[in-house]
Every structure is written in C-alpha cells, then in structure tokens.
Amino acid sequence: MRFLIAVLVLIVGGLVVSCGPTHQAPVVSEAEEAAEAAYQERRAFQRWHGQHVRVFNIWDRLAAANAEFCPEKIPAVGWWVSTPGGVSETLRGEYVRKFGGGDIPRITYLHAGGVAEKAGMRAGDQVVSVNGVVLAIGWNGQMSNWRTWKETSPLKVEYLRGGKRRLVNLTPVEACKFNVVVGPETTVNATASIDTISVSVGMLDFLTSDDDLALVIGHELAHHTEGHIAKKMQNQVVGAVFGAVIGAAIGLPGLGYSGGTIGAMAFSKEFESESDYVGLYYTARAGYRIDGASELWRRMGELDPNSINFGSTHPTSAKRSVALSRAVREIERRREAGEPLVPKRRHPVVEKADKGDSFEDRMN
Ligand SMILES: [Zn+2]
C-alpha cells in the first residue's frame with residue numbers, strides 16, 4: 001500500500017512539474033500589488049464618478065428645460081445625495097476618502113450653477129432632513145423620498161458640515177420626474193423604462209461630446225413624455241388577448257404569447273422616429289448643439305452596419321440621419337423666426353427616395 005502511494009505521489013508530482021510554467025515572470029511583492037490596486041481603485045472611482053456627473057449634468061438641464069412636457073414633475077435643486085452603500089465594495093474606500101462615510105447621506109454631485117450650489121452647499125455635506133423629514137435611502141444607496149416632494153414648494157434643508165448642523169432654504173426649479181442611471185453594460189445602449197432612463201457605460205464611451213449624449217438622453221425622455229412605454233405595454237396586452245382568442249379557436253394555445261410580442265412591436269419604428277424628432281427639440285431647448293444629430297446616426301451606422309439598411313423595431317440609421325437633419329433645419333428656422341421651440345404634432349416623413357438628401361446636407 002505504502003509503495004502504491006509513493007508511486008502515485010511521484011506520478012502526480014511529475015505531472016505538476018511538467019505542466020508548470022517554464023519561464024520566470026517578474027516577481028511582484030504583496031506591498032507592490034496592494035499599492036497598484038489602490039491606484040487602480042482610485043482610477044476606477046474617478047471614472048465611475050465622472051460618468052455620473054456627466055449624465056446628471058445633462059439630465060438636470062434637460063429635465064428643467066422640458067418640465068412643461070412632463071406629466072409628473074419634481075422640485076429639483078441640482079444635487080445627488082447618496083451613501084457609501086450605493087457603490088460596489090471596490091469603490092467604497094475611495095468614495096469615503098473623497099466624500100466621507102457614515103449612514104447620513106452626503107452630496108456626491110452638485111450641478112454647477114444649480115440651486116443647491118448657489119445656496120452654498122458643497123460636495124460631502126450630509127443632508128439630514130428636508131422639510132423636517134429625514135432622508136430615506138433606497139436599496140441602491142441613493143435618496144429615495146425625493147419623489148414625494150411637492151411641486152415648487154420651498155425646501156428647508158438641514159445638513160451637517162464638519163459635524164456642525166446648518167440650515168438652508170432652497171427654492172427648487174420644476175423638473176421632469178424621472179430617474180436617470182448609468183448602466184454597467186459596455187454595449188452602446190440607452191433605454192427608457194416606466195420611470196427610469198438608463199445610459200450604458202458603452203454609450204458614454206462612444207459619445208465623447210455632451211451635445212451628442214444630450215441627444216440620446218433627450219430621445220429617451222421623449223419616449224416618456226409621449227407615453228410610448230405605456231402604449232407599448234397596452235399594445236402587448238391587446239396583441240396577447242387577440243392571439244389567445246384566435247389561438248383557442250384554431251387550437252394553437254401558444255398564439256397568445258406570439259400575439260403579445262407582435263403587439264409590443266406595433267408602431268415601434270414610429271415611436272422611435274417620434275422620439276428622435278421630439279427629443280431633438282428637448283435637446284435644443286436645454287441649450288445643447290443639435291447640428292451633430294445627423295452625424296451621430298452616421299456613426300451609429302458605422303458601428304453597426306446592419307442598421308444602415310435594416311431595422312425590425314427601429315428605423316434604419318440612414319432614415320434616422322436624414323429625418324434628423326431635416327428636423328434640425330426646422331428648429332433652426334423656428335429659432336430665426338423667434339418662434340417657441342415646441343415640437344409640431346406631425347413630424348417630417350422620410351421615404352427611401354429621400355436618401356440623397358444626406359449627402360446634400362453634409363455639403364451644406
Ligand atoms: Zn428609442
């Protein structure tokens with residue numbers, strides 16, 4: 001038995017030796033690794049925070065400039081308030097180093113020139129209560145009771161700076177009541193759900209210009225204001241019911257599911273075109289440049305060549321580019337005429353034959 005074990009140890013030992021690396025990689029001490037890890041954590045935190053600041057800055061401008069089109073509004077003061085629990089464990093150390101720790105939420109973003117900043121509030125201030133109500137923190141570590149604040153009411157804010165209690169009155173601006181988040185996906189994507197707009201990290205990397213990013217967020221905002229999400233759900237239900245009734249009659253029970261899918265896709269392209277058009281107005285109203293809208297869709301075509309000529313739920317990138325350049329001209333004309341920038345209820349229709357316009361537009 002002993003002999004057998006010895007032979008086995010020799011065989012396994014021999015295998016391990018023969019399968020091991022044959023080159024000597026540089027030796028890294030634990031201290032060196034820890035120092036580099038701390039540096040990378042700092043970099044990762046700066047990137048994370050920078051992405052949020054960028055999106056919040058754009059969102060604040062869009063949400064205030066277009067409040068009149070939003071079905072529900074909130075009083076906005078241009079801050080973001082959260083706790084260290086809102087970030088991943090890796091980023092938490094840097095978060096605390098930059099803003100401070102504790103359970104009382106802190107300001108981690110201030111809109112430059114916004115209400116809170118003008119009133120003297122600073123990043124790192126701990127917001128204790130608003131109008132006497134202690135701030136609630138949601139599952140994502142961010143302030144959650146902002147949705148209950150009454151429109152345009154003045155806000156009495158109690159906060160701590162360096163442990164000292166302070167009071168300030170903020171007169172908020174009216175803004176659209178939606179949540180905006182940075183999604184972790186590296187794909188180039190932006191989505192709108194019933195109460196949240198999400199912009200992916202991939203999209204932020206792809207769009208280096210804030211004007212372009214504002215166009216994308218403006219488009220998502222338009223999905224909200226035009227009620228596309230609710231309409232889509234309604235079409236899905238109608239399609240599912242219709243499919244189920246037909247399916248029962250002809251003995252295909254799965255037809256309800258297919259009907260729902262088809263229903264959800266009804267008007268999908270039209271909704272996208274409408275959001276492009278309406279969102280362009282929203283972007284212009286927030287003071288962003290819109291003359292790059294057509295080029296943005298050319299870049300999307302480069303990124304995803306399939307989208308140039310084909311789109312099952314979305315218009316082609318070619319159509320979007322031409323329609324947007326036409327809508328840009330419409331907005332410019334209305335600006336010159338001193339007309340209010342309110343989207344017209346009927347938007348420009350672009351047929352395949354109009355494709356030639358894009359070249360002409362580029363030249364002009
Ligand atoms: Zn869309």
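Residues numbered from 1 in each chain as written. Predicted model: local features only at pLDDT ≥ 70, side-chain atom pairs only at ≥ 80, totals over all residues.

1. Thoughts on the overall build of the chain
What the chain contains, in helices and strands, is 13 helices and 11 strands. Expressed as a percentage of the 364 residues in the chain, the buried residues total 32%. Considering only intrachain contacts with a sequence separation of at least 6, the fraction spanning at least 24 residues in the chain is 64%. (Helix = DSSP H or I, 4+ residues; strand = E, 2+ residues; numbered from the N terminus. Buried ≥ 20, exposed ≤ 12 C-beta atoms within 10 Å, placed from the backbone. Contact = placed C-beta atoms within 7 Å.)

2. As for helix H6 (residues 210-225)
The end-to-end C-alpha distance of H6, which contains 16 residues, comes to 22 Å, matching closely the 22 Å that a straight helix rising 1.5 Å per residue would cover. Extensive coverage of H6 is indicated by the burial of 13 of its 16 residues. In the segment just after H6, Gly-227 is the residue with positive phi, at about 70°. (Expected span 1.5 Å × (residues − 1).)

3. Here's the deal with helix H9 (residues 268-285)
Here H9 spans 25 Å end to end across 18 residues, near enough to the 26 Å set by a 1.5 Å rise per residue. For H9, the tally of buried residues reaches 14 of 18 residues, placing the bulk of the element in the interior.

4. A few points about the packing of helix H10 (residues 293-303) against helix H12 (residues 317-336)
Packing of H10 against H12 leaves a shortest axis separation of 7 Å and a crossing angle of 170°. Comparing their axes, H12 and H10 come out roughly antiparallel. Packed against H10, whose contacting residues are Ala-293, Ser-294, Trp-297, Arg-298, Met-300 and Gly-301, the element H12 presents Ser-317, Ala-318, Arg-320, Ser-321, Leu-324, Ser-325 and Val-328 at the interface. Of the residues contributing to the contact of H10 with H12, the split by class is six nonpolar, five polar and two charged. (Axes fitted to C-alpha atoms, helices over the stretch in contact; angles between N-to-C directions. Parallel < 35°, antiparallel > 145°, perpendicular 65-115°, else oblique. Nonpolar A, V, L, I, M, F, W, Y, C, P; charged D, E, K, R; others polar.)

5. Side note on the nonpolar core
Counting 61 residues, the largest nonpolar core has Trp-59, Leu-62, Trp-79, Ala-214, Ile-217 and Leu-280 as the members making the most contacts within it. Ranked by residues supplied to this core, first place goes to helix H2 (residues 30-65) with eight residues. (Core = buried A, V, L, I, M, F, W, Y, C linked by C-beta atoms within 7 Å.)

6. Section: the sheet that holds strand E9 (residues 179-183)
With respect to topology, three strands assemble into an open sheet ordered E9-E11-E10, the strand pairing being mixed. Strands at the two margins of the open sheet, each flanked by one partner only, are E9 and strand E10 (190-192). Here the average twist between neighbouring strands, direction ignored, is 15°. In this structure, E10 lies alongside strand E11 (residues 196-200), joined through three bridges in antiparallel fashion. Within E11, the residue paired with Ala-192 across the bridge is Ile-197. Packing against the sheet, H2 makes contact with E9 and E11, and its axis sits at approximately 150° to E9. (Pairing = 2+ DSSP bridges.)

7. A closer look at unusual backbone geometry
Here the phi dihedral of Asn-131 falls at roughly 50°; this positive angle occurs in a residue that is not glycine. Inspection of the secondary structure assignment puts Asn-131 in the loop between strand E4 (126-130) and strand E5 (133-134).

8. Topic: the packing of H6 against H9
The N-to-C vectors of H6 and H9 enclose an angle of 120°; their axes lie 7 Å apart at closest approach. Between H6 and H9 lies a crossing whose hand is right-handed. On H9, the residues touching Ala-214, Leu-215, Gly-218, His-219, Leu-221, Ala-222, His-223 and Thr-225 of H6 are Phe-271, Ser-275, Asp-276, Val-278, Gly-279, Leu-280, Tyr-282 and Thr-283. Of the residues that constitute the contact of H6 with H9, the class distribution is eight nonpolar, seven polar and one charged. (Left-handed = near helix turned anticlockwise from the far one by under 90°.)

9. Quick notes on the environment of Leu-167
When you line up the elements, Leu-167 lands in strand E7 (residues 164-170). With residues near it in sequence (within four places) discarded, Leu-167 still touches Lys-156 and Glu-158.

10. Some words on the confidence of the model for the chain
Averaged over the chain, the pLDDT score is 85; the fraction of residues at 70 or greater is 76%. Mean pLDDT across the elements of the chain bottoms out in helix H13 (residues 357-363) (31) and peaks in helix H5 (residues 201-206) (97). Within the model, the stretch residues 353-364 combines pLDDT values under 50 with nine contacts to residues more than four positions away or in other chains. (pLDDT = per-residue confidence, 0-100.)

11. Observations regarding the environment of Leu-204
Inspection of the secondary structure assignment puts Leu-204 in helix H5. What makes Leu-204 buried here is the crowd of 21 C-beta atoms within 10 Å. Taking the C-alpha atoms as reference points, Leu-204 and Arg-54, separated by 150 residues in sequence, lie 8.9 Å from one another. Every residue in contact with Leu-204, bar those within four places of it in the chain, is listed here: Gln-51, Arg-54 and Val-199.

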